[in-house]
Every structure is written in structure tokens, then in C-alpha cells.
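Architecture at a glance
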Amino acid sequence: MSNAERRIGVFICHCGGNIGNTVDVEKVRDAAAQFRFVKCAETNRYLCSSSGQDLIRSKIQEHGLERVVIGSCSPRMHLKTFRDLCSSHGINPYLVEMANLREQCSWTNLDKDNATSKAIDLLAGAVGRAAYLEPLTPTDMKVNSNVAVIGGGVSGICASLELANQGYKVFIVERQPSIGGHMAQLSKTYPTLDCSLCILSPKLAETKGHPLIELMTNTEVAAIDGSAGSYSLSLTRRPRYVNENKCTGCGECAKVCPVEVADEFEDGTKRRRAIYLPFPQAVPNAYVIDENNCTKCWLCVKACKHGAINPRDQVGQKKIEVGAVIVATGFRLFDPVVLTQYSFGAHPNVVTNLQLERLIEHGIYRPSDGKTPKKIAWVLCVGSRDTQIGQPYCSKICCMAAVKEAVLLRELVPNLETWIFYTDLRAAGKGYEEFYGRAKEDGVKFVRGRVAEVVPVTGDELMVRAEDTLLGVQLEKNFDLVVLCPAILPEVGTSELAERLGLHIGSDGFLLERHYKLRPVDSQNDGVFLSGCCLGPKDVRESVVEALSTASRTASLLGKGVVTISPEKAYVISDRCDSCGECVNICPTRAIELLPSGATVKSISCVGCGLCVPVCPRNAIDLKNSTEPQLMAEIEGVAGATETRPKIIAFTEGTSAYTACDLVGLARQQYPTNVRVIKVPSVGRLHARHLLAAFSEGADGVIMIEGEGTFLGEERFRAHVNEIRKVVASKGIESLRVFATRTTIPQFAKLASVFQTFTERIQKLGPLPSEARSKIKQVAVAR
Amino acid sequence: MSGQKEVIGTAMMDPTFFDEVKKTPGGEKLASCIQCGICSGSCTTSLAAEFNPRQVIELILLGLGNKALSTPSIWTCVFCRACTVRCPQGIDIPELMSSLRIMAVKRGALPREDRNLKFHESFWKILRANGRLDTFRLYTRLAGMQEIARSIPLGLRLLRKGRVAFRTPTMVHPEQLSSLTETAKASEEVSPR
């Protein structure tokens, strides 16, 4: 880069009095005019106003400026304004840099002298960085407007219909031979007691008949590639052996099938043949051969009058191209057999609540002898709220499901005793508490106490022992049907799918949303959305709400037709790369691949966090718009421009932590001017050399602030920071001079006190001795 | 239990008690108790107790130190561990009971004539002297004359079957046991006195 290409213009804003009253803007301008590469330095009352913009425009032309540095409010406020302005005058928007003189300087203190020094430092950093900026161009990528929905339960179906009705082509990928999911197995839904299939099957039929929905049953996702707007999914279809179009569902085949096994749809309460219809309303309404149990006698082939059975059906591979993916893989139940005290599997009259749903559909009988039960007990929290054997979380739906089943059964069976043993009865939801009240009115008995054991007494009866914690007495009562309400777990294969899709899994095993409150159906990957029970236990209504949310999120991604991809991505300097794979391991979005030619960044998947940069032992990977020279020049500027003692540099993660720093100013909270913020994509972008550079150039203390919920999780943050501390300490700098913390945006107020306390600490320690500085400098030069 | 119930007032609550118990073995996870009652439902001896395990924990959570330490209920635990095996929060209740017993004795929360205290004292005295439990002596030290007189028929039957004996059982190296208890005592982990 020649010096001519580095002609920098500096513009400093008074912002009325917002900056000007605290910062001596003219003095800052005089200082800035002396910085290297600066061709002109100007001030203005309001740079964002049209007269301010005119000034910038005229100076660009007058001096042939190549780069522009603005000292004004936060870049969060007006970076786009100034980038657009410069861009319209031939300056690449990525050659515009801002120094935050308002939110992070003038608004946080009243001391004019110190604020002015701070402003000079911040501007020096910005100018230093500006000299090394590189022109960058965001890329627009045309999106594929198809959508893949993984999972055909109620959530997947509703999302698909919503999108298809908006004109998007949808592929539903369902592992089972029919769509419908768990909702199809339920008797009625609470609190309205709608018949579950009555409200679901019209949706199933609509899905089947929709011209824009392509149904792929018996199919799983084998691999995924690409990024938001352009994903490619490899699908594997298990053979069905029955032609869906030819099968009329007459059932002649099943009559001759000699194999009988437990029926999954009936959750083992009934048996089916090896060739079977998943359930009467199944979509597609075609028989299927269960290849694990089929003996290949092919009696069914002879029995089929329509020639629908094809013994030579094979595993099929298919690729689909989509712009977005919705994951709606649902749940499974915890297997209560491990809690041996509940006699599940040991006595036929102990069933799960899903089995009970099927028993209700078949007119309720007790499995031991087929007679109508007289006394039913529900055992809640079987494996839920259990940190030892089950899951620590509350499964949320079991309380209401048990209440609903009790109410239903009391209608079906006269004089039925219904006892619900609960830990805490959770009926939060529209109409739920009222439904619970109705159940009590109806005569359902509620006992507060987690059941200790279920002991078989006679052939049909079981004794339930629990403490009635409200009385503090032990209660023992016999029942002839005991219903366990097992914890809701993520469906089998969720973690493998997450692995394939690069999704994150929370400590509870469910998929993790991008932001708990504000991006509840976004995954960590742009263009992949999450819906229903794959995110956590929830009921039908909430699953549908999320389905509609994902549809909306999908439409807002695909509706524009193009996605803009930021150019701020990692890139590999290939002649330095020796394929060690460190960057591949640390990348949170699996955006780096090891190819024979070395590490390669899939720029579409790269989120620009920069975690890969410091781990590279050969400095072979760097980050666009936060390159080593840019960062080093900024550090040098901020640390070295003025002789402020003590000087503290706060490396701040660019999104939430930086926003929090702005909010401190917005709230006019005061903290010592000694602290200067340098924005970094993530603390994970930092290497010990950056801290050493800060110390050698003039810093006396360094703070590192990471936002919570960034790609640098808490554990990695701790490990990374400790590693940096170790190196810094080994260079003879007291570890007290380095501090690291994480913050959320709402916690911004704590930053002011962090800055205050840390400054006091460094004041006590005194400035870093100059011998220490020169010692690091020598090492740095040697490197 | 009497028909009279008392109001639990501020004066009865010791705000430091919970923190104190939390530091003892078995107290680590106390705060996570969800009062589900699976411990009490599983407890083999809570029928004999004033407070069941869940209620003992509630006493601690509320800071009712005097009540928790003076109730005979903390002495009824027989360490069968049914509660702990099932506790969803992994609270080690027998260990907790043991810690409460130690605290009770240290604080003198029990009357001298307390039967549980006497039982444990005699139990340990005999054990330290002989290295083995002597059921006959343990019983005669605890029971009153009338009680002993009443149980003579049962005692004779047990004698005939060799279940109790007048002769004190001994062990080969009692000095090993005493060195063991001395070490334990030094580290203050030993059972009460």
C-alpha cells in the first residue's frame, strides 16, 4: 500500500455541546492534524447534518482523501450514515473509521482536560487503524427460495403449510413412514378437549394435497452443506417396499403377513404385522414394510391385488437445494424402566401417559386382564426435575396432560377413582388453571408428594406409596392402573442431526436458540430455524406458535430474494498454513475445512468472530476488517498518543459488550477517563501479543470484556483469558494489571463500576515501570 | 404430638443455621431440595419420628436450628439410604442426619437423659471397650428395670438361640480399633463422643 492510498481526512463533531462541552474539540483537531497520513483535520457542529456532510464531501474532493476518520458518536449510531456518504464519493465504505467520542468519552465524565486527552487517544487509534484498512465489498447472494422442514409433526406441518401458502416450495423430510408425529397419538388436547386427530388430520390432508409441499417419508437427512440462502441437503430414504401411489390401503397384505410385533404408534399397547399402515389417518395413506422385522416371505406380494408391493425397493439417495431449513424433530419420552421402584416393565398395569392416551382411544382397559380400571394413579415427574437419574428440568406438559386424562377418564368410566400424585402442579397457561380447577370440581384427587414406590400387590393391583407432604404423613393406596408421566427428552438422533447441521446443543440436550428471549427460534446458523419440542418440552399450542414464528423468520430471509454476506470473514494466508487444524477445532460454526491445500474458510458460514486467529501457531489466519496490522495500529495509537497515567485499555467485544459500554454513556454514568475502549470482534480474537503491545506502547492496565451469548462461551472465555494472563505474567507484568469479565447488555451498569474499581487498582499499583515496557518491546521486536 | 400448635416466629429463626448445616457433610446440596417428599415416602423409620426427613430439611431451610437439633427424629435414621437413592436432587440424607447429630451433641441441644443420646453413648462405650457390640450390655444399660423384667421371656428365647450372650464378645486387636477412633476423633469426624 503506498502512502498516497493512505490520505486520511479526520472530521471531529461537536455534536452540539454533547461532545464539545466536555472535549476541547479544537485541541483534538490540532493533535489529529499531526497524525501520520492525515491530510486534513476539520471540526463541525453537527457532522451528521447536511452541512456537516457537505464539509466531508468537499474535503474528500479538495484533498483527494482515500480514507475518512470520524470522531463523533458511537458507530452504532452513524457508521452507516458516514459509510454511505463516503461510498457515494468513491471511498469504499470499509475505509471509514469512527472514534466514539460521545457515548464512550464525553458522556462518561465531566473533566475537560482528561476527556480531551482521551479523545486524542481514541482518535489516534482510529487513524492508526484507518491507515491499514482495506477496501471490502459485501456480497449479495441470490437465495434459493425452497425450504426444507425436518420433521413432520404438528410443528413441522404448520410451518410447512404457512410457508407453502405464502408461495414457497417446501420439502418435508420425515423419518417415520407417516407424518403426524406425537400429536396423532393423543386422545384429546387440553384445555379445550378437542379431539387430537380431528384437528390434526385436516392439516395432514392439506399437507398431502398442497401443490407446493413435497412429502418425503421414511427419509432422513444424511448431510448438509452450504449456508443461509443456499443449503444443499443429502437425504437418505429407507425402502418402503410399497408404492405409495398404487396402495389403496385395503389391508389385504397385512392379513397374510405372518410376523407380529409391538405397534409403535400404539406405543406397544397393541401389535401389528410387519407390513402395516402406521395409523388409519396416516399420510401418505399407504402400507409400509418394517424391514427390521420382515422375513421376506412375500406372501403380501401375492395378496396385493394392485401390484403395489415392490420387494426390490432399495435405499434411495436424493439431494435437495433449499434456502432455509426448519428443524422440528420433536421429542421422545424418558424410559421409566431405569427407575425400578416404579415397577414399569415389571407389571402390566404400570403404563406411560402416552400408552394411556392409546388405551383411552381403545376404550380404556387395564393391560393385565382387559377389564375396565376402577382406580387410576398418575405419577408425575418420572425422570423430570431429577438431577440424579433423569433430567433436571421440568417437562412442563405432564401436569396438564395428567389432569386432562383424569377428566376424560372420569367421563368415560363411572365411579372411577383418579388420583394425581404431583411434586408441584404447574398449570401456567391460558385456561390451564381453570381446567385444573374443573378437574378438582369433577372429583380428581390431588396428592402433593413424589411417589416413592409402586409395589405390585395382587395380580391386577399395585400399591402406591408416597408422602402426602401437605399432611406430612405416609400414604399407601392401591390402584389397578398406574400411569407414569416420564420426562420429555429430545428425539433420538437430535444430537447427531445437530452435529451435521452445526447446531448447538444446550446442557439439557435440546437444541439451543440464538438468543433465549429475542431470537427464540433462530439457531446459531443463519437460515436454520428451530421449532417445537426440539427446543424443549412444550405443548401443541406452543409448538404451533413456534412453527408460525419459524415460517415468518424463514420468509423474511428468503422473501428479499438475496442475502447480503458481510465481508468481515476469516481468511487463510495459505503459504504459511501447515494444516495443523487448530483453527478447524476452535471454529464455533465449523466454517473452516482442512483441504489438501491447507485450511480453507467457507466464508458463507464464517461469522467473523476471530477465534481462529490467535490459535494459529503460524499466524496463517487473519480476519478481514480486524486484521493484525489494523488491530496493532489501533492499539499503538490508543496506548501511545498521550502520556496519560495510568492508562487503561479495555478490549471490548464488538456487539453486546460494546453496546453495553455505549449504554453506560447513554445513562451518563461516570467512570475514570483513564479507560479507553478498543472494539474487537470478540475477546477470542485477542492474543497475548495484543496485550503486550498495549503495555509496551503505554498501557498500565488491560481489561477484556466479552458479551454473554457470543460464540465465545463462558468456559472457552475463561480458558482463553487464563492462557493470555499466563503469557502476560511470564513477561514480568503483574497479573493484577489484567482483568477480564463478561457482561450482558442489560448489565451495562456494572461496567462503570468495573472501570472505576480497576482504575483504582491500577492507580495503587502505579504506572508500569519503563524497564518493563522496554523489555516487552525488545521481545516483540525479536519476534 | 399435642393438639396445640405454635406460631413459628422470627425469634425462633437463626439466619446462620442453614449456612452452617450447608458446610457439613450431607448439607452440600440442601438448598436444592424441592420438598417433593420422595425421601419421606421411602423412609423406613419416619413413622417412628416426629419429623420426617423432608420436614427436617424444611426446618433447616427455615433456620429453625433449635427444633432441628432437639428433635428425636434426627436419631431415628437407620442409614438404609432408600431416601438418598431416590432423591432427585442427590441430597445425602443419612449423612445429613449424622451431621445434625454431631451438631446437636456439640451444642448440648439434647437433655442428658435423652434416650437416643444414651443409646449412642452406650453403643460407643461398649464398642470402644470391646471392639464389638455387646447387645446384652447395651440393652441393660438403656432399659429400665421394669422394661427388663418384662422382656425376660424374649431374652431367654434369644439366649437359647444364641442371639444374645452374657459373655462379652472380643476382638483380636482392640488396640487397632482404639488407634482408629483416636485418629478419627482428632479430625473431629467421629460420631458423638
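Residues numbered from 1 in each chain as written. Chains lettered and ligands numbered in written order. Predicted model: local features only at pLDDT ≥ 70, side-chain atom pairs only at ≥ 80, totals over all residues.

1. A look at the sheet that holds strand E12 (residues 230–237) of chain A
Strand pairs in the sheet, formed through backbone hydrogen bonds, run parallel or antiparallel to each other. All names here are of chain A. Reading across from one edge, E11-E12-E17 is the order of the three strands in this open sheet, with antiparallel pairing throughout. In the strand order of this sheet, the two ends are held by strand E11 (219–227) and strand E17 (316–322), each with one partner. Going across the sheet, the axis of each strand differs from the next one's by a mean of 20°, ignoring polarity. In this structure, E12 lies alongside E17, joined through seven bridges in antiparallel fashion. Bridge assignment links serine 232 to a residue of E17, and that residue is glutamate 321. (Pairing = 2+ DSSP bridges. Helix = DSSP H or I, 4+ residues; strand = E, 2+ residues; numbered from the N terminus. Axes fitted to C-alpha atoms, helices over the stretch in contact; angles between N-to-C directions.)

2. Points about the interface of chain B and chain A
Every contact between the two is made by 18 residues of chain B and, on the other side, 17 residues of chain A. Elements with a contribution of two residues or more to the side of chain B that touches chain A: helix H2 (38–42) and helix H3 (53–62) of chain B. With four residues, H2 of chain B is the largest single contributor of residues to the side of chain B that touches chain A. Class assignment of the residues belonging to the side of chain B that touches chain A gives a composition of six nonpolar, ten polar and two charged. (Contact = placed C-beta atoms within 7 Å. Nonpolar A, V, L, I, M, F, W, Y, C, P; charged D, E, K, R; others polar.)

3. Thoughts on the pairing of strand E6 (residues 147–150) of chain A
Residue and element names in this part refer to chain A. On E6, burial covers both faces: Val147 and Val149 on one face and Ala148 and Ile150 on the other are all buried. Crossover handedness for the path E6 to helix H5 (residues 154–165) to strand E7 (residues 170–173): right-handed. Where E6 and strand E18 (residues 324–327) come together, four bridges link them in parallel fashion. If you follow isoleucine 150 over to E18, its bridge partner there is valine 327. (Buried ≥ 20, exposed ≤ 12 C-beta atoms within 10 Å, placed from the backbone. Right-handed = clockwise from strand over helix to strand, strands pointing away.)

4. A look at helix H6 (residues 196–209) of chain A
Residues lying three or four places apart along an α-helix face the same way, a consequence of the helix completing one turn every 3.6 residues. Residue and element names in this part refer to chain A. Between its terminal C-alpha atoms H6 stretches 20 Å, which fits the 20 Å expected from 14 residues at 1.5 Å a residue. Listing the buried residues of H6 in full gives Ser196, Leu197, Leu200, Leu204 and Thr207. All buried residues of H6 lie within an arc of 85° about the axis, which places them on one face of the element. Opposite the packed face of H6, turned more than 90 degrees from it, sit the exposed residues Cys198, Pro202 and Gly209. Tucked inside the fold, the buried residues of H6 contact H5, E7, strand E8 (188–189), strand E9 (194–195) and strand E10 (213–216). (Expected span 1.5 Å × (residues − 1). Arc of directions from axis to C-beta.)

5. Describing the nonpolar core
Counting residues in each nonpolar core, the largest one holds 161 residues, and the members touching the most others are Val149, Val379, Leu380, Val403, Phe421, Val482 and Val483 of chain A. Of the residues forming this core, the biggest block, nine residues, is contributed by helix H10 (residues 398–412) of chain A. (Core = buried A, V, L, I, M, F, W, Y, C linked by C-beta atoms within 7 Å.)

6. Details of unusual backbone geometry
Residues and elements named next belong to chain A. For the bond running from tyrosine 190 to proline 191, omega is -5°, close enough to zero to count as cis. When you line up the elements, proline 191 lands in the loop between E8 and E9. Note the cis peptide between valine 283 and proline 284, where omega equals 0°. Take proline 284: it is sitting in the loop between strand E15 (275–276) and strand E16 (288–289). Unlike most non-glycine residues, asparagine 415 shows phi in positive territory, near 60°. By secondary structure assignment, the location of asparagine 415 is in the loop between H10 and strand E22 (417–422). Judged by local crowding, asparagine 415 falls into the exposed class, with 8 C-beta atoms found within 10 Å.

7. Notes on the sheet that holds E10 of chain A
All names here are of chain A. Judged by pairing direction, the sheet is parallel, and its five strands sit side by side in the order E10-E7-E6-E18-E29 without closing on themselves. Edge positions in the sheet fall to E10 and strand E29 (528–530), since each has one partner strand and no second. Recorded for the sheet is a direction-independent mean angle of 20° between the axes of neighbouring strands. Where helix H13 (residues 540–558) meets the sheet, it contacts E6, E18 and E29, and its direction lies at approximately 170° from that of E18.

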